[in-house]
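Each chain is listed here by its residues.
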Amino acid sequence: MIRKKILLLGDFGVGKTSLIRRYVDNAFDDSYLTTIGVKISKKHLTIRDTECELLIWDVEGATPLKQVLKSYMLGASGAIFVADCSREETIAHLDQHIERFLSVNPSARYVIAYNKSDLLTEEQKEEISCKKYARFTSAKEDSNVSQLFINLTEKMLP
Amino acid sequence: MNKTDIILRAILSQDLFDYLLADKNGTVFQFSEGIGKYIDTIPRAGDMLFEYLPELIGYEKWIDEALKEEGCHHTLKTIQKQEYYVDLHVEHYSSDTVLILLRDITDITLSKLKLLQYSNENTLLYNTIQKIIDSQNNLLLITYHNRIEYANRKLLDYFDLKDIQTIKGKAFDEMPLASLSFESFDDLYLYTKDREQEIGIGKDTFLAKATLLEKTHKLFTFSNVTHLSSLNRLLKSNINHDPLTGIYRKHYSDKILREELQKQSRFALVMLDIDNFKHINDTYGHMTGDKALKELTALIQKELNRNDIFARWGGEEFLILLRTFKKEESLKEESLKKVKSIRASIAEHLFSAIGHMTASFGLALPRHSDSAETLFERADQALYLAKDQGKNRVVFESEADRILSDQIS
């Protein structure tokens, strides 16, 4: 079995915890509860006949005054960068998060989630120019969540 | 008992720390009693460290360093374990043992969490309010001392300013607003406090309105109505102007005529009609007729002063309000001279496609008892006689009266 550490990174309030909760427990709660520090969840999955254990790090979101500790990023094989597609500034900050993570783990793989897609119409989504490796997700409606994690795992496998 | 043991017992007695001791293979061989609350199984000697603390996967290098170097110390902060929060310390114990300390920081972290929750919720709210403010009209907040306190994004963008710091604390004359005909924010406030006022900034038109906030600050809103203003002007122009010739329409000249009568201004009313225009239309077609009308109006406009009003009455009939005179006593003479000049220039002009064309003119001067209708009637009578007497001529109203009297007697 292959064990991989991945992190969910992004601004606060973009839905990182909700994505993990949806993927690991298949649950969702509409209320916003801030994450402090880090909490680890585990998830097993099989990709191309390879059993994987994902150690999913739910990391406290970045705020204008506080960046994510680089010590959390050590040893990570991948990351999911999360933005709230209804808040433009969280999309604009993605590059900073990616750069910070890759400075610690240059060879790590990543994917991007434009979360809370349930808040936008199809027309509004079309107006957003998606970054490479990005997809719209909704933890609330369970849209594209599993695919997000599977896609990252596929990228991390040799 | 070595120094580490003494320190360890001291801190453990405060219940602040729990600990694990693991060998270099990652096998746990000793732990404090309280360790069980952080993991979901009952700890036993011989278990693997990473099963208890998967957080340390990826930090194998820290463990290697701790085994090798005395005094080596690494910390992983604020890790949630079950319902607790801990700081994980990886420390050197001996060359074949690593010490993992779990410092319980639950109480202080939960306090921080409340603050962080409050702060994040407020940041989200602030960001939303900021977006609302920035999407509104241009806003400018001025202090009691007439200094700029705040400007929203829309206003900053309009003046090409990077951020509020560029103008914060500045006075009226240090802003691009200084191009306005006001001397201070107080002046602008007095002008705009009761109702929206149209003001020009650069090439643009704004509706400005001042509101007093908390008796100390003045909030100015500037709505850019440049587009609406020009649209308004275009609409007005379309309403007042004849689409074919570009000169005024009848209703506009009527309005000016009534105003001039009310003001008892000095002016002369001229009515003119193109002679035999139906024949021109019938012979050359309406397209050529329209071209002739345009040519004729351009010709007459050259003869007129800027202050005179020239309007299309309908069809081939026109109306002129002559409003520019040199001398008090020569109203009639000057008017006649001007109209005769116009008549002559039309008669002498070679119109494209149709050659020569003439027009007849009736001229009347306002009297004290005149209404628009009575004045029109006299000018119209004079025009009728000009036509009746053979066309291509100018008839003054008193002349018309005389001729009519002669005809009746």
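Residues numbered from 1 in each chain as written. Chains lettered and ligands numbered in written order. Predicted model: local features only at pLDDT ≥ 70, side-chain atom pairs only at ≥ 80, totals over all residues. Heavy atoms only, no water.

## Structural notes on the overall build of chain A
As a reminder of what qualifies: Labels follow the DSSP assignment, with helices taken as runs of H or I lasting at least four residues and strands as runs of E lasting at least two, numbered in each case from the N terminus. Whether a residue is buried, partly exposed or exposed follows from its accessible area with a 1.4 Å probe, protein chains only, as a fraction of its type maximum: under 20%, in between, or over 50%, in that order. Contacts were defined at the residue level, with two residues in contact if any of their heavy atoms lie within 4.5 Å. Note that accessible areas follow from Shrake-Rupley with a 1.4 Å probe, and for residues the cover is restricted to the protein chains shown. Charged-residue counts in this description rest on Lys and Arg as positive and Asp and Glu as negative, His and the chain ends being excluded. Each charge is placed at NZ for Lys, CZ for Arg, CG for Asp and CD for Glu.
Each helix and strand counted, chain A has 5 helices and 6 strands in total. Along the chain direction, N to C, the helices and strands of chain A fall in the order β-α-β-β-β-α-α-β-α-β-α. Here chain A holds 158 residues, and 51% of them are scored as buried. Long-range contacts, defined here as pairs at least 24 residues apart, represent 64% of the contacts in chain A between residues at least 6 apart. If you sum the accessible surface of chain A, you get close to 7300 Å²; carbon and sulfur atoms cover 46% of it. Here chain A holds 22 positive side-chain charges and 22 negative ones, and the gap between their average locations is 8 Å.

## Observations regarding the overall build of chain B
Selection rule: The globule rule used for comparison is 2.2 Å times the number of residues to the exponent 0.38, while the radius of gyration itself is calculated over C-alpha atoms.
Looking only at helices and strands, one finds 13 helices and 16 strands in chain B. Here the C-alpha atoms of chain B give a radius of gyration of 47 Å, more than 25% beyond the 22 Å that 2.2 N^0.38 yields for 409 residues. Burial statistics for chain B: of 409 residues in total, 43% are counted as buried. Long-range pairs, those at least 24 residues apart, make up 48% of the contacts in chain B with a sequence separation of at least 6. Roughly 22900 Å² of accessible area belongs to chain B as shown, and the carbon and sulfur atoms make up 51% of that amount. Of the charged side chains in chain B, 53 are positive and 63 negative; the average position of the first set lies 8 Å away from that of the second.

## Things to note about the interface of chain B and chain A
The line we're drawing: Two parts lose some accessible area (1.4 Å probe) when they are put together, and adding that loss for both gives the buried area. We count a salt bridge whenever a side-chain nitrogen from Lys or Arg sits within 4 Å of a carboxyl oxygen from Asp or Glu. A 3.5 Å cut-off defines polar contacts: any pair of N or O atoms within that distance qualifies, except that in protein one atom must be a possible hydrogen donor and the other a possible acceptor, and neighbouring residues in sequence count only when both atoms are side-chain atoms. Nonpolar residues are Ala, Val, Leu, Ile, Met, Phe, Trp, Tyr, Cys and Pro. Charged residues are Asp, Glu, Lys and Arg, and all others, Gly as well, are polar. Only strands that DSSP links by at least two bridges are regarded as paired with each other.
Across the contact, 24 residues belong to chain B and 25 residues belong to chain A. Both sides of the chain B and chain A interface together cover about 2100 Å² of buried area, and 63% of this is carbon and sulfur. Its largest share of buried area at the contact with chain A, chain B owes to B:I57, B:N120 and B:L124, together 21% of the area lost on that side. Run the count over chain B and chain A and you get 2 salt bridges. Applying the counting rule to chain B against chain A returns 10 residue pairs in polar contact (both at pLDDT 80 or more). Of all the secondary structure elements, the ones that give two or more residues to the side of chain B that touches chain A are β3 (73-81) and α4 (106-135) of chain B. The element that contributes the greatest number of residues to the side of chain B that touches chain A is α4(B), accounting for 11 residues. When grouped by side-chain class, the residues that make up the side of chain B that touches chain A number 10 nonpolar, 8 polar and 6 charged. Examined bridge by bridge, strand β2 (residues 38-47) of chain A and β3(B) share 2 bridges and lie parallel to one another. Bridged to A:K39 within β3(B) is B:Q80.

## A word on the domain arrangement of chain B
Put simply, the rule is: For the domains described, the bounds stem from an automatic or database domain assignment.
Each assigned domain of chain B is listed with its residue range as follows: domain 1 (3-104), domain 2 (136-228) and domain 3 (241-408). Between the C-alpha centres of domain 1 of chain B and domain 2 of chain B there is a distance of 62 Å.

## Let's talk about the packing of helix α10 (residues 286-303) of chain B against helix α11 (residues 331-348) of chain B
Residue and element names in this part refer to chain B. Short version of the rule: Helix axes are fitted to C-alpha atoms over the stretch in contact, other axes to C-alpha atoms as well, and angles between N-to-C directions run from 0 to 180 degrees. Whether a crossing is left-handed or right-handed is set by the direction in which the near helix is turned from the far one by less than a right angle, anticlockwise for left-handed and clockwise for right-handed.
Direction vectors running N to C along α10 and α11 enclose 145 degrees, while the axes themselves pass 10 Å from each other. The two elements α10 and α11 cross, and the hand of that crossing is right-handed. Note on element contacts: α11 touches α10 through K338, S341, I342, S345 and I346, opposite L296, L299, I300 and E303. The residue inventory of the contact of α10 with α11, partitioned by class, reads 5 nonpolar, 2 polar and 2 charged.

## So, α4(B)
Note the cut-off: By this rule, a helix spans an expected 1.5 Å times one less than how many residues it contains.
With 30 residues, α4(B) extends 42 Å from end C-alpha to end C-alpha; this agrees with the ideal 44 Å at 1.5 Å per step. In this structure, the buried side of α4(B) is in contact with β3, β4 (84-94), β5 (97-104) and β7 (148-151) of chain B.

## Topic: the packing of aromatic side chains
In plain terms, the rule: Aromatic pairs are defined between Phe, Tyr and Trp rings, using the six-membered ring for Trp, whenever the two ring centres lie within 6.5 Å; interplanar angles under 30 degrees are classed as stacked, those over 60 as edge-to-face, and all others as tilted. Criterion for a charge above a ring: Lys NZ or Arg CZ within 6 Å of the ring centre, and within 35 degrees of the ring normal.
Counted according to the given criterion, the structure contains 18 aromatic pairs over all chains. Here A:Y114 and A:F136 contribute two aromatic rings whose centre-to-centre distance is 5.6 Å and whose plane-to-plane angle is 85 degrees, an arrangement assigned as edge-to-face. Here the residue A:Y114 occupies a position in strand β5 (residues 109-115), and A:F136 occupies one in strand β6 (residues 134-136), the gap between them amounting to 22 residues. Using a relative accessible area of 0% as the deciding quantity, one classes A:Y114 as buried. Judged by centre distance (6.2 Å) and plane angle (20 degrees), the rings of B:F220 and B:F222 are stacked. For the pair B:F220 and B:F222, one class covers both residues: buried. Cluster of aromatic residues (ring-pair linked, three or more members): B:Y158, B:F159, B:F172, B:F185, B:F206, B:F220 and B:F222. Taking the ring centre of A:W57 as reference, the NZ or CZ of A:K5 above it sits at 3.6 Å. Sitting over the face of the ring of A:Y133, A:K155 holds its NZ or CZ atom 3.5 Å from the ring centroid.

## Some remarks on the pairing of strand β12 (residues 268-274) of chain B
All names here are of chain B. Most of β12 sits inside the fold, with 7 of its 7 residues counted as buried. With burial as the criterion, each face of β12 is covered, one bearing A268, V270, L272 and I274 and the other bearing L269, M271 and D273. The pairing of β12 with strand β14 (residues 317-322) spans 6 bridges and is antiparallel. Residue pairing across strands places L269 opposite L321, the latter belonging to β14. As paired elements, β12 and strand β15 (residues 359-364) share 6 bridges and run antiparallel to each other. Note that in β15 the partner of V270 across the bridge is L363.

## Regarding the pairing of strand β4 (residues 78-84) of chain A
Residues and elements named next belong to chain A. Counting buried residues along β4, 7 of its 7 residues qualify, which places the element largely inside the surrounding structure. Relative to β4, strand β1 (residues 2-10) runs parallel, the two sharing 5 bridges. Among the inter-strand pairings, L7 is bridged to a residue of β4, identified as A79. When β4 meets β5, the two strands line up parallel, connected through 7 bridges. Within the sheet, the bridge partner assigned to I80 lies in β5 and is V111.

## Focus: helix α3 (residues 60-68) of chain B
All names here are of chain B. Quick note on the threshold: In this description, one arc is meant: the one made by directions from the helix axis to the C-beta atoms.
Three or more residues of α3 are buried, namely W62, I63, A66 and L67. Summarising the axial view, the buried residues of α3 lie within an arc of 135 degrees, below the 170-degree limit, and thus occupy one face. In this structure, α3 carries K61 and K68 as exposed residues pointing more than 90 degrees from its buried face. In this fold, the buried residues of α3 make contact with α2 (49-52), β3, β4 and β5.

## As for a nonpolar patch on the surface
All names here are of chain B. We count it as follows: Patch building starts from residues that exceed 30% relative accessible area and form no salt bridge, then joins like charges within 9 Å and nonpolar side chains (Val, Leu, Ile, Met, Phe, Trp, Tyr) within 5 Å.
A surface patch of nonpolar side chains, amounting to about 470 Å² of accessible area, comprises L228, L231, L234, L235 and I239. Relative to the elements of secondary structure, L228 occurs in helix α7 (residues 226-240). Owing to a relative accessible area of 52%, L228 belongs among the exposed residues under this scheme.

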